[in-house]
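# Reading the structure
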Amino acid sequence: MIWVSYAEIMPLREQGNFEYGMRLVNERRRAKVLRCKSASDQCRTLAAGLLLKRALENAGIDYETAVFEEREGGKPSLVMPDAPFFNLSHGAELAACVLADQPVGIDVEQIVRFEEK
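What this report covers is the structure whose coordinates are included nearby. (Residues numbered from 1 in each chain as written. Predicted model: local features only at pLDDT ≥ 70, side-chain atom pairs only at ≥ 80, totals over all residues. Heavy atoms only, no water.)

### Side note on the overall build of the protein
- Helix and strand content of the protein: three helices and five strands.
- In sequence order, the protein lays out its α and β elements as β-α-α-α-β-β-β-β.
- Expected size for 117 residues packed as a compact globule is a radius of gyration near 13 Å; at 15 Å, the protein falls within 12% of this value.
- Principal axes of the C-alpha set define a box for the protein whose edges measure 55 × 35 × 25 Å.
- Each of the 117 residues in the protein was classed as buried or not, and the buried ones make up 38%.
- The long-range fraction of contacts in the protein, counting pairs at least 24 apart against all pairs at least 6 apart in sequence, stands at 51%. (Helix = DSSP H or I, 4+ residues; strand = E, 2+ residues; numbered from the N terminus. Rg over C-alpha atoms; globule rule 2.2 N^0.38 Å. Buried < 20%, exposed > 50% of the residue type's maximum accessible area, 1.4 Å probe, protein only. Contact = heavy atoms within 4.5 Å.)

### Topic: the nonpolar core
- In this structure, L46, L56, F68 and L78 are the most contacted members of the largest nonpolar core, which totals 24 residues.
- Secondary structure elements with two or more residues in this core: α1 (15–24), α3 (39–58) and β5 (94–100).
- Residue contributions to this core peak at eight residues, all from α3.
- Not counting residues within four places of it along the chain, the set of residues in contact with L56 comprises I61, Y63, F68, L78 and L99. (Core = buried A, V, L, I, M, F, W, Y, C linked by side-chain atoms within 4.5 Å.)

What follows is the structure, given as structure tokens:
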């Protein structure tokens, strides 16, 4: 099983959408969002959290009661029997989430084209 999703962060730049999204994520994610210094980083972090919430719920895992721990290198993981693996990434105007039954990773990068002059 593998589930991948991504979202643009632009809608979260609107205050009402940001506040609504903050109500949807758990306390741990809200605290992480608020530790971000810039509004853009807050929106990216919130978007990644919302994607994770949806991925877990689609997998039948109750997001509200899910327990997370940090593994080596600070990578978060779920604490439960047969827990799926997940990874989050955000950059520029996108956030992405992957959920799988084996270790997995995802990365979001902005493509920049350089032209010779």
